[in-house]
Each structure stands twice: as structure tokens, then as C-alpha cells.
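Reading the structure
Chain residues, written in single-letter form:
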Amino acid sequence: MKIKSFLCLILCFSFFASSCSKNEENVSLNEKIIAVEIDSLALEVANTIKNEVKEIKTFSTQDGAVSAVETKNADFVVLDEFSTSLYLENKRDLRVVKVLPFTVENCIYFNGNTELLNKFNSKILELLENGTIENIKEAYKTSDGYYPELKKLSENAPTLVMATDIAGLPYTDLSESGYVVGIDADVASIIANSLDCNLEIVVTTADEMFNMLSENKVDFVMSGLMYNSKREEIYDSSLAYLSVEYYLLEKA
């Protein structure tokens, strides 16, 4: 990460953290309009406060929801911490007024391979404790990103196969050179390499990746996936490797 961008990010977050602490208790949602991107986790988060607001307006894109607040066609927008950082970095006319009581926790899904699940859980704890995952997470809060190419071990090393869909950054995306990049690819490659394994990533659709897991065509699926109790009845979920906060922002 570039030092200049990192310092800007610290200043932005210091500003909105200070602003949040001063204003959060005074934020009234009564008769307010919330803007949110449709088909996003942010909509699910917004629905947790729907009884407190006048209306939740949905937009086809996240930028459309942000623009609605900037043009005063909505009072607030719901964004995750990654999007919040990027909008503040790009000096959009926004400020954080409330941290929402909803944290998305992402996990990895397996199909009956308890040995591999336990190994991943052990590595997840290690990466959380030593700050590696937090460093990766922070890198994706700026436009600089964090794009390491996957490490290739010897040809004789075993290969773990991961299925994913292109959920978009910060989770998964394709680089210009065709590599899968994002937090999920970074974490998966670090864990695989620490287990002395190569990593192969299969890009497919959200539905098909679970079909492949059911048929044992892949070892695990990872794509910014939330813990899901119904899914847990069929598959095995890892410990949460990533927790993401959501914020309520208004026009600055």
C-alpha cells in the first residue's frame, strides 16, 4: 500500500470516527429515507432498521444510492466499511453518522472433509492473531488494493481446488492478466501455501460452485460468503475469517 494513501485513509477514518462519536446519539431515523443498492448485503443490513425509517429506496448501483444522498433525494445511505473508505478517499460529499449494529462474518464452506476444515480453522486463527488478515483487509480499503499473484509450489505438491464466483472486490475479481484477486484469493493462497499445497481457483456461478462442492469436484468454496444456518445443514463452515461493519452515511 502506498504511504500517501495509507495516511489519507487514517485521516479519513479519524475524521469520521470522531464525527460518529459526536453525532451518533443524535441521529434520528424517524421519517427518514434510506438509499441502498439492490441485490446487495447492504440491503439486508438496511432491512434490520426498516421499522425505524420512513422508506428504503433501492438503486441498481451503489453509486446511484450514494448520489441520491448527495442530491438530497435520500437522507442516508448504507455502505460497508470498504465502500465507505473508498468514497471518503475519493472525497465524495459524505460523512459517517452511525455504525449499524450488524456485522457480516464471512466463512469458507467444505463438504464433509473434517481434516481439511480443522486445518483451515487452525490457520484462520493464526492469521487473525498475527494480523495478516487485518493487513489484507486494510489494503482493500484503498484504491491501491493488494494484488499478489498466487504462489506456485513444486509440481509434486498437492493441489487444493477452490470454487468461487466473481463477487467483486474486495472479495473476488479478475485482474487484467486473468488472475483471481481479492481478499478471498489472498487468504486462500496463504492458507494453501502454509499447508504446502498449490491452489487452483475455479471461477463459476454462485449456484454451480455449491453443486461442485456437493459432487466433491472442489475442496472448498469461498466467495465473500456469510454464515448461513440453512447452508450449515448441508455443508461444513469454517470459523469466520473476515468481519465487515456497515455504516450509515449522510450528505456532509
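None of the values given here were measured: they were computed from a predicted structure. Sequence positions are assigned chain by chain, starting from 1 and proceeding in written order. Residues qualify for local features only when their pLDDT is at least 70, as the model is predicted, and side-chain atom pairs are given and counted only at 80 or more; totals for whole chains, interfaces and linings, by contrast, use all residues. Only hydrogens and water are removed before side-chain values are computed, so all heavy atoms of the structure are retained for them.

Concerning the overall build of the protein chain
Only DSSP runs of H or I with at least four residues qualify as helices, and only runs of E with at least two residues qualify as strands; both kinds are numbered from the N terminus onward. From N to C terminus, the protein chain includes nine helices and 12 strands. Contacts are residue-level and defined by heavy atoms, with any inter-residue pair within 4.5 Å sufficient. Contacts in the protein chain between residues far apart in sequence, at least 24 positions, make up 75% of those at least 6 positions apart. Methods summary: accessible areas were calculated by the Shrake-Rupley approach with a probe of 1.4 Å, and residue burial reflects only the protein chains presented. Carbon and sulfur atoms provide 47% of the accessible area of the protein chain, an area that totals close to 12,800 Å².

Looking at helix α3 (residues 62-70)
Regarding α3, the residues found buried are Ala65, Val66, Ala68, Val69 and Glu70. In the core, the buried residues of α3 are packed alongside β1 (33-37), β2 (55-59), β3 (76-80), α4 (81-89), β4 (94-106) and β12 (242-251). The positive-phi residue at the C-terminal boundary of α3 is Lys72, with phi of around 65 degrees. Note on classification: 1.4 Å probe, protein chains only; a residue is buried when its accessible area is under 20% of the maximum for its type, exposed when over 50%, partly exposed between these limits.

With respect to the nonpolar core
Here the nonpolar core consists of buried residues drawn from Ala, Val, Leu, Ile, Met, Phe, Trp, Tyr and Cys, with membership extended through side-chain atoms lying within 4.5 Å. Grouped together as the largest cluster of nonpolar side chains are 47 residues, with contacts concentrated most on Val78 and Phe220. Sorting elements by how many residues they give to this core places helix α7 (residues 183-194) first, with six residues. If we ignore the near neighbours within four places in the chain, the residues touching Phe220 are Ile108, Tyr109, Phe110, Phe120, Leu160, Val161, Met162, Ala163, Ala188, Leu199 and Leu213. Ile33, Ala35, Val66 and Tyr87 belong to the second-largest nonpolar core, a separate cluster that totals 14 residues.

Details of unusual backbone geometry
In this chain, Leu169 is followed by Pro170 through a cis amide linkage whose omega measures 15 degrees. Take Pro170: it is sitting in the loop between β6 (159-164) and β7 (173-174). If you check the backbone angles, Lys91 has positive phi at about 55 degrees while not being a glycine. Within the secondary structure, Lys91 is located in the loop between α4 and β4. In this model, Asn216 sits at a positive phi of 60 degrees, which is unusual for a non-glycine residue. By the secondary structure assignment, Asn216 is in the loop between α8 (206-214) and β10 (220-221).

Considerations on the packing of helix α6 (residues 132-139) against α7
The axes used here are C-alpha line fits, helices contributing only the stretch in contact, and every angle between their N-to-C directions lies in the interval 0 to 180 degrees. Two elements in contact, α6 and α7, have axes separated by 10 Å at closest approach and are oriented at 155 degrees. As summarised for this structure, α6 and α7 are arranged roughly antiparallel, according to the angle between their axes. Once α6 is placed against α7, the crossing between them reads as right-handed. On α7, the residues touching Thr132, Ile133, Ile136 and Lys137 of α6 are Ile183, Asp186, Val187 and Ile190. Classes in brief: Ala, Val, Leu, Ile, Met, Phe, Trp, Tyr, Cys and Pro nonpolar; Asp, Glu, Lys and Arg charged; the others, Gly included, polar. For the contact of α6 with α7, a count of residues per class yields five nonpolar, one polar and two charged. Under this scheme an angle from 65 to 115 degrees is roughly perpendicular, one under 35 degrees roughly parallel, and one over 145 degrees roughly antiparallel; angles in between are oblique. In a left-handed crossing the near helix is turned counterclockwise from the far helix by less than a right angle, and in a right-handed crossing that turn is clockwise.

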